[in-house]
Amino acid sequence: MRRFLNKLARPFGLRVVKAHQTEFVHQHSYTGGYRQYRETQIKYNKRKLEKIWADESTLTAIVDDLQVHGLGRTGVCHGARNGFEVMWLREHLGGEVIGTDISETATQFPYMHVWDFHKDNPHWEERFDFVYTNSLDQAMDPALALAAWSRQIVPYGRIYIEHTMAHSAAGAGEMDPFGAHPMAMPYLFFVWGRGAYRLNAILEVESKKNNGLHAWVFVLVRDDDEVGGATGRPL
């Protein structure tokens, strides 16, 4: 409907936008709570099962950073859908990399696990050298998800959050409930991560190979003074 209205309004120099188009941060609210969130994520996962967001340019920057820090033997990619990034990182790191997705379709792909990335997994506590995702925008509660991920990496591990302008508030909605302008992300990490993790570096990719977007990869490390103190409420 918005696309149709925009066609009508274009000759007048007008454009129909979402109510939160100019916000720096937006979190979509589900009237049906967690159950609706889960059902929605699975529905869209199945519709986009063959689509791939991760690309070689961004993953190469991450591999280079891991190798500089002597890491990469173990890792987990959250929200990995069809496991493209899992297989790519396994090949280029020679490590034990697994992936997760909330949809049962994850079982169709090697090394993928059905898992809600907001939730703690006692078997994954301090298990991985790194966490990678390009799907933080799919979080119902990004603070809760990041808190769980900070407990999954080893004390010297790294969390890689891929972010583009497509992950901004203007793109948030039922399918991708969380959106934030890249400039807002360091502030959010500071607020959410106190006592558990902190922003360590920002890797930049001028143009992703698959869609041409500029990408920022925010690199988080554990704050080992008070590990486990991240904010977030149980779902």
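Analysis parameters
Residues numbered from 1 in each chain as written. Predicted model: local features only at pLDDT ≥ 70, side-chain atom pairs only at ≥ 80, totals over all residues. Heavy atoms only, no water. Salt bridge = Lys/Arg side-chain N within 4 Å of Asp/Glu carboxyl O. Helix = DSSP H or I, 4+ residues; strand = E, 2+ residues; numbered from the N terminus. Buried < 20%, exposed > 50% of the residue type's maximum accessible area, 1.4 Å probe, protein only. Contact = heavy atoms within 4.5 Å. Phe/Tyr/Trp six-rings, centres within 6.5 Å; stacked < 30°, edge-to-face > 60°. Lys NZ or Arg CZ within 6 Å of the ring centre and 35° of its normal. pLDDT = per-residue confidence, 0-100. Pairing = 2+ DSSP bridges. Axes fitted to C-alpha atoms, helices over the stretch in contact; angles between N-to-C directions.

Here we come to the pattern of salt bridges. Applying the stated rule across the entire model yields 10 salt bridges. Two residues, Asp-120 and Arg-151, come together in a salt bridge whose shortest N-O distance is 3.0 Å. With Asp-120 in the loop between β4 (112-114) and β5 (128-133) and Arg-151 in the loop between α5 (142-150) and β6 (153-163), this pair connects stretches of sequence that are 31 residues apart. Relative accessible area serves as the criterion here: at 42%, Asp-120 is assigned to the partly exposed category.

On to the side chain of Glu-85, then. Looking at the element boundaries, Glu-85 is found in helix α4 (residues 84-93). Setting aside chain neighbours within four positions, we find Glu-85 in contact with Ala-54, Leu-59, Cys-77, Gly-79, Ala-80, Tyr-132 and Asn-134.

Glancing now at the environment of Gly-212. Mapped onto the elements of the fold, Gly-212 is located in the loop between β8 (197-205) and β9 (215-222). Classification of Gly-212 as partly exposed rests on a relative accessible area of 44%. Those residues within four positions of Gly-212 in sequence are excluded, and the remaining contacts are Glu-206 and Ser-207.

Right, let's get into the packing of aromatic side chains. Summed over the entire model, instances satisfying the criterion amount to 7 aromatic pairs. Consider the rings of Trp-124 and Phe-128, whose centres lie 6.0 Å apart with planes at 65°: the pair is edge-to-face. The buried category is assigned to Trp-124, whose relative accessible area is 5%. An aromatic cluster is defined as three or more aromatic residues linked by ring pairs; in this entry it consists of Tyr-30, Tyr-34 and Tyr-37. One residue, Arg-90, lies across the ring of Tyr-111, its end atom 3.4 Å from the ring centre.

On to the confidence of the model for the chain. The pLDDT averaged across the chain works out to 89; a share of 86% of its residues lies at or above 70. Contacts for the low-pLDDT stretch residues 225-234, under 50 throughout, to residues beyond four places or in other chains number 24 contacts.

Right, let's get into the sheet that holds strand β2 (residues 74-77). Pairing is mixed in the open sheet, where 7 strands are placed in the order β4-β3-β2-β5-β6-β9-β8. One side of each edge strand has no neighbouring strand; the edge strands of this open sheet are β4 and β8. Going across the sheet, the axis of each strand differs from the next one's by a mean of 20°, ignoring polarity. Looking at chain direction, strand β3 (residues 96-101) and β4 are connected through 3 bridges and run parallel. Within β4, the position partnered with Asp-101 by the bridge is Val-114. Lying on the sheet, helix α3 (residues 56-68) is in contact with β5, β6, β8 and β9; it crosses β8 at an angle near 130°. Against the sheet, α4 contacts β2, β3, β4 and β5, and its axis sits at roughly 170° relative to β3.

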